[in-house]
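The lines below spell out each chain.
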Amino acid sequence: MQHKNFSKITEIILTGFQNSQSLNYFYFLLLLVIYCVTVCGNLIIILVVAYSRLFHSPMYFFLTQLSFLDILLSTTIVPNLLRILFHEGGFVSFFGCLTQYHFFLASESLECLLLTVMSYDRYQAICNPLHYTSIMDLTFCIKAILLCYLIMLVVILTFSVTMSHLDFCGPNIIDHFFCDFNPVLELSCSDTYLINIEGVVVCVPLVVCPFTLIIVSYVYIIATIMKIQSVTGRQKTFSTCSSHLSVVSLYYGSLIASYLFPNEKSAKKTFSLFYTVITPLLNPIIYSLSNRHIKEALKRLFLKMCLAFKFCWLHDLSVLSVE
């Protein structure tokens, strides 16, 4: 009951990277460009998949969901980070800090689960090709996505209920560029043992189990690929899952590395920046560069947009000439 006498936190200071002002301005411009490219690149992937019937398959359906999550994650982190860099640190309301954390948790949880579903899709396509269309039908894909969202909502609700019973009385400074789990809990003057246990327990179905299933899937995939006699056949088959494998390696590699250094704040910030900002940028690049069909669809879409723009421009000129 003694904690009730403390004044509760209403504002939080995020310190960011604590560099010189000129260096912060450079990072501001760099991250602004990265954010714009990330949003545009992922939107283009969504438009291309929706535009072409060639991409109406489970793999590309899941790819659009991944692009949506990349936009959500980047939008949750980068705009506020830009404000912090521009002002060399920034205030955020306590409610805004918790809101950012919950959106971050939602996007990270969904991405872990979605990457697992995508690995299962690649497993069925390579190891069980004769039954692929019957197993990976539209109903299964929708149910898989809805299940991912349901698990995410349960996780967020669990943390929200537990956090609502905590008192936050300071200090009100977070040495990070966004409101992450451990930095927020450090502001609490209540006993955080229960929520820390919840955090460990939740990591099992959200991180450990998905990562294990992905590894098992790729063990079977690689074993199946190695049975193919021709080198060309092995290369062609592996190319269908190389993009997903690259994305998984980047995402889980940076995510795991950021939590291997709990006391090294500079290393944690660097790895956190990678999986919250850089990975959403690289995902559409990886999928577009390694997929011939996406590159061809992008060219066709760009050509049609140019023709439509040219038609509108000529139409406006003709109207002006008549007037």
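Residues numbered from 1 in each chain as written. Predicted model: local features only at pLDDT ≥ 70, side-chain atom pairs only at ≥ 80, totals over all residues. Heavy atoms only, no water.

(A) Layout of the pattern of salt bridges. Overall, the coordinates contain two salt bridges when judged by the stated rule. Salt-bridge contacts for aspartate 121 lead to arginine 122; the nearest nitrogen and oxygen are separated by 2.9 Å. The class of aspartate 121 is buried, set by a relative accessible area of 1%. Measuring nitrogen to oxygen at the nearest pair gives 2.8 Å for the salt bridge that ties aspartate 175 to lysine 269. (Salt bridge = Lys/Arg side-chain N within 4 Å of Asp/Glu carboxyl O. Buried < 20%, exposed > 50% of the residue type's maximum accessible area, 1.4 Å probe, protein only.)

(B) Just the state of the cysteines, in detail. Counted by the stated rule, this structure contains two disulfides. Covalently, cysteine 169 is tied to cysteine 189 through a disulfide, its sulfur atoms 2.1 Å apart. Highlighted residues: cysteine 169 in the loop between α5 (138–163) and β3 (173–174) and cysteine 189 in the loop between α6 (181–185) and α7 (193–226), separated in sequence by 20 residues. Counting only the cysteines that form disulfides, in the order they appear in the protein, gives the pairing 1-3, 2-4. Cysteine 141 takes part in no disulfide bond, and the closest cysteine sulfur, belonging to cysteine 148, lies 11 Å away. (Disulfide = S-S within 2.5 Å. Helix = DSSP H or I, 4+ residues; strand = E, 2+ residues; numbered from the N terminus.)

(C) Looking closely at the environment of cysteine 179. Structurally, cysteine 179 is set in the loop between β3 and α6. We classify cysteine 179 as buried; its relative accessible area is 0%. Other than its neighbours up to four places away in sequence, cysteine 179 contacts Leu14, Cys97, Gln100, Tyr101, Ile174 and Val184. (Contact = heavy atoms within 4.5 Å.)

(D) View of the confidence of the model for the protein. Overall, the prediction assigns the protein a mean pLDDT of 84, with 90% of residues at 70 or greater. A low-confidence stretch, residues 1–6 (pLDDT under 50), is modelled with five contacts involving residues beyond four sequence positions or located in other chains. (pLDDT = per-residue confidence, 0-100.)

(E) Structural view of the packing of helix α3 (residues 94–127) against α7. Closest axis-to-axis distance for the α3/α7 pair is 9 Å, and the angle between their directions is 20°. Considering their axes alone, α3 and α7 lie roughly parallel with respect to each other. Crossing hand, α3 versus α7: left-handed. Only Pro205, Leu206, Val207, Pro210, Leu213, Ile214, Ser217, Tyr218, Tyr220, Ile221, Thr224 and Ile225 of α7 make contact with α3, whose side of the interface consists of Ser109, Cys112, Leu113, Leu115, Thr116, Ser119, Arg122, Tyr123, Ile126 and Cys127. Classifying every residue of the contact of α3 with α7 by side-chain character gives 16 nonpolar, five polar and one charged. (Axes fitted to C-alpha atoms, helices over the stretch in contact; angles between N-to-C directions. Parallel < 35°, antiparallel > 145°, perpendicular 65-115°, else oblique. Left-handed = near helix turned anticlockwise from the far one by under 90°. Nonpolar A, V, L, I, M, F, W, Y, C, P; charged D, E, K, R; others polar.)

(F) Quick look at the UniProt feature "transmembrane region" (unreviewed entry) in the protein. According to UniProt, the "transmembrane region" (unreviewed entry) feature falls on residues 25–48, 60–81, 140–161, 193–221, 242–261 and 273–289. In residues 25–48, helix accounts for 100% and strand for 0%; the two terminal C-alpha atoms are 34 Å from one another. As annotated, residues 140–161 has a helix share of 100% and a strand share of 0%, and its two end C-alpha atoms lie 32 Å apart. (UniProt positions renumbered as here; feature names shortened; annotations may be inferred.)

(G) Local environment of the packing of aromatic side chains. Applying the stated criterion across every chain, the model contains 16 aromatic pairs. Through a chain of ring-to-ring contacts, the aromatic side chains of Phe17, Phe104, Phe177, Phe178 and Tyr275 assemble into a single cluster. (Phe/Tyr/Trp six-rings, centres within 6.5 Å; stacked < 30°, edge-to-face > 60°.)

(H) Representation of a nonpolar patch on the surface in the model. A cluster of nonpolar side chains, Leu23, Phe26 and Leu30, forms an exposed patch at the surface whose accessible area comes to about 260 Å². Inspection of the secondary structure assignment puts phenylalanine 26 in helix α1 (residues 21–51). When its relative accessible area of 48% is taken as the criterion, phenylalanine 26 is described as partly exposed. (Patch = residues over 30% accessible without salt bridge, like charges linked within 9 Å, V, L, I, M, F, W, Y side chains within 5 Å. Areas by Shrake-Rupley, 256 points an atom, 1.4 Å probe, with all protein chains shown as cover.)

(I) Main features of the pairing of strand β2 (residues 90–93). On β2, burial follows the alternation: Gly90 and Val92 on one face are buried, whereas Phe91 and Ser93 on the facing-out side are not. Pairing analysis gives four bridges linking strand β1 (residues 11–14) to β2, with the strands arranged antiparallel. Its bridge partner being in β2, isoleucine 13 is matched across the sheet by phenylalanine 91. (Pairing = 2+ DSSP bridges.)

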